[in-house]
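Tertiary structure, described
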Amino acid sequence: MSNPEVLLILDNSLRMALITFLALFFVFLLYALWRRRRVPRDLGDLIEEEIEPQLSEGLLGQSEPRQASPPVARNFLRTALRALILASGLATLSFFVYGFAPLPYLHNFATERSWQTQPLRLTALKFERFHEGFSLEGEVWNQTREPIEGLRAIIKIRDRNRDLLDAVEATVRPQPLGPGRKGDFQFRYTENSAFLWGYQVEFHDAQDDILPHVEGFDIR
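How each quantity is defined
Residues numbered from 1 in each chain as written. Predicted model: local features only at pLDDT ≥ 70, side-chain atom pairs only at ≥ 80, totals over all residues. Heavy atoms only, no water. Helix = DSSP H or I, 4+ residues; strand = E, 2+ residues; numbered from the N terminus. Buried < 20%, exposed > 50% of the residue type's maximum accessible area, 1.4 Å probe, protein only. Contact = heavy atoms within 4.5 Å. Areas by Shrake-Rupley, 256 points an atom, 1.4 Å probe, with all protein chains shown as cover. Pairing = 2+ DSSP bridges. Patch = residues over 30% accessible without salt bridge, like charges linked within 9 Å, V, L, I, M, F, W, Y side chains within 5 Å. Salt bridge = Lys/Arg side-chain N within 4 Å of Asp/Glu carboxyl O. Core = buried A, V, L, I, M, F, W, Y, C linked by side-chain atoms within 4.5 Å.

**Section: the overall build of the protein chain**
Of the regular secondary structure elements, the protein chain holds 3 helices and 8 strands. Taken from the N to the C terminus, the helices and strands of the protein chain come in the order α-α-α-β-β-β-β-β-β-β-β. Relative to its 220 residues, the protein chain shows a buried fraction of 31%. Partitioning the contacts of the protein chain with sequence separation of at least 6, the portion at a separation of at least 24 is 66%. Put simply, the protein chain shows about 14,800 Å² of open surface, and 59% of that area lies on carbon and sulfur atoms.

Set out below in structure tokens:
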């Protein structure tokens with residue numbers, strides 16, 4: 001199953017690397033041009049621009065017109081090429097930093113778990129509060145390629161201090177839940193209504209192992 005989170009992380013990393021490339025290229029290019037205006041020409045430029053044409057005139061005489069060489073354009077292209085190569089290398093490095101560096105402000109493979117396909121996806125959860133308590137109706141999909149035996153929804157109920165007040169389970173139907181299929185569960189709680197703060201939902205299999213889940217509607 002493909003995971004859109006993988007494409008999202010790669011797309012964000014590529015876009016940020018492209019922005020980095022453009023910014024670095026223009027900074028390097030402007031700096032090189034500014035430095036060329038401030039620093040005197042080196043010996044190679046002097047030989048290429050002044051001495052070689054004079055030697056050619058002395059050897060060939062004035063019978064043949066001398067074609068003016070374009071050193072400025074050639075130097076500009078050489079500067080732009082160097083800036084392009086340097087910016088490309090640093091932008092490539094930044095792509096891996098944006099995609100894999102464990103930095104807290106980045107959304108990438110090192111800091112997020114959503115790119116990994118979780119066994120379950122919770123796509124609907126209807127909550128109804130009444131005087132005696134509350135009720136839940138949920139829809140969950142099996143995102144694996146194997147049926148899940150004994151799937152149960154465990155609802156952990158919290159009191160006003162957000163401490164665990166109670167934990168009740170609801171069986172997910174049908175049993176077993178086949179690969180790529182949806183299951184439903186219902187739950188009604190009518191105890192300790194005055195102390196309720198909220199609830200959390202998690203899923204367990206037949207071995208009572210917790211099955212991770214994500215929330216959303218993009219079923220794959």
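After presenting the structure, the write-up continues.
**Observations regarding the pairing of strand E6 (residues 196–204)**
Sheet topology note: the strand E3 (residues 152–159)/E6 ladder contains 8 bridges and is antiparallel. What sits directly across from Lys 156, in E6, is Gln 200. Inspection of the sheet shows E6 paired to strand E7 (residues 210–211) by 2 bridges, in the antiparallel sense. The partner of His 204 across the bridge, within E7, is Ile 210. Linking two consecutive strands that pair antiparallel, namely E6 and E7, is a turn of 5 residues; a positive phi of about 65° is found at Asp 208 within it.

**Some points on a nonpolar patch on the surface**
Together, Leu 18, Leu 22, Phe 26 and Leu 30 give the surface a local cluster of nonpolar side chains, amounting to about 410 Å² of exposed area. Here Leu 30 shows up in helix H1 (residues 4–38).

**Re the nonpolar core**
The tendency in soluble globular proteins is for nonpolar side chains to be buried as a group. Counting residues in each nonpolar core, the largest one holds 20 residues, and the members touching the most others are Leu 151, Ile 155, Phe 185, Phe 187 and Phe 203. At the level of elements, strand E1 (120–130), strand E2 (133–142), E3, strand E5 (182–189) and E6 are the ones that each hand at least two residues to this core. The contact partners of Phe 185, leaving out residues within four places of it in the chain, are Leu 122, Leu 125, Leu 136, Glu 137, Gly 138, Glu 139, Ala 153, Ala 170, Thr 171, Val 172, Val 201 and Phe 203. In terms of nonpolar packing, the next biggest core, distinct from the first, is built from 7 residues, Phe 21, Leu 29, Ala 80 and Ala 83 among them.

**A short note on the pattern of salt bridges**
On inspection of all chains with the given rule, the structure shows 6 salt bridges. Between Lys 182 and Glu 139 there is a salt bridge whose closest N-O contact spans 3.9 Å. Here Lys 182, found in strand E5, pairs with Glu 139, found in strand E2; they are 43 residues apart in sequence, far enough to count as distant. The salt bridge partner of Arg 152 is Glu 169, with a shortest N-O separation of 2.9 Å. Residue Arg 152 is found in strand E3, and its partner Glu 169 is found in strand E4 (residues 164–171); the two are separated by 17 residues along the sequence. In this structure, a network of salt bridges that share partners links the residues Glu 139, Lys 182 and Asp 184.

**Description of the environment of Leu 151**
On the secondary structure map, Leu 151 appears in the loop between E2 and E3. Sequence spacing of Leu 151 and Phe 203 is 52 residues, and the spatial spacing of their C-alpha atoms is 6.9 Å. Not counting residues within four places of it along the chain, the set of residues in contact with Leu 151 comprises Leu 120, Val 140, Thr 171, Val 172, Gln 175, Leu 177, Phe 203, His 204 and Leu 211.

**Thoughts on the sheet that holds E3**
In spatial order, the strands read E4-E3-E6-E7; together these 4 strands make up an open sheet with antiparallel pairing. One side of each edge strand has no neighbouring strand; the edge strands of this open sheet are E4 and E7. Note: E3 against E4, 7 bridges, orientation antiparallel. In the sheet register, Ile 154 faces E4, and the bridge partner there is Glu 169.

**A look at the environment of Arg 162**
As for its position among the elements, Arg 162 is in the loop between E3 and E4. Separated by 35 residues in the primary sequence, Arg 162 and Trp 197 place their C-alpha atoms 6.6 Å from one another.

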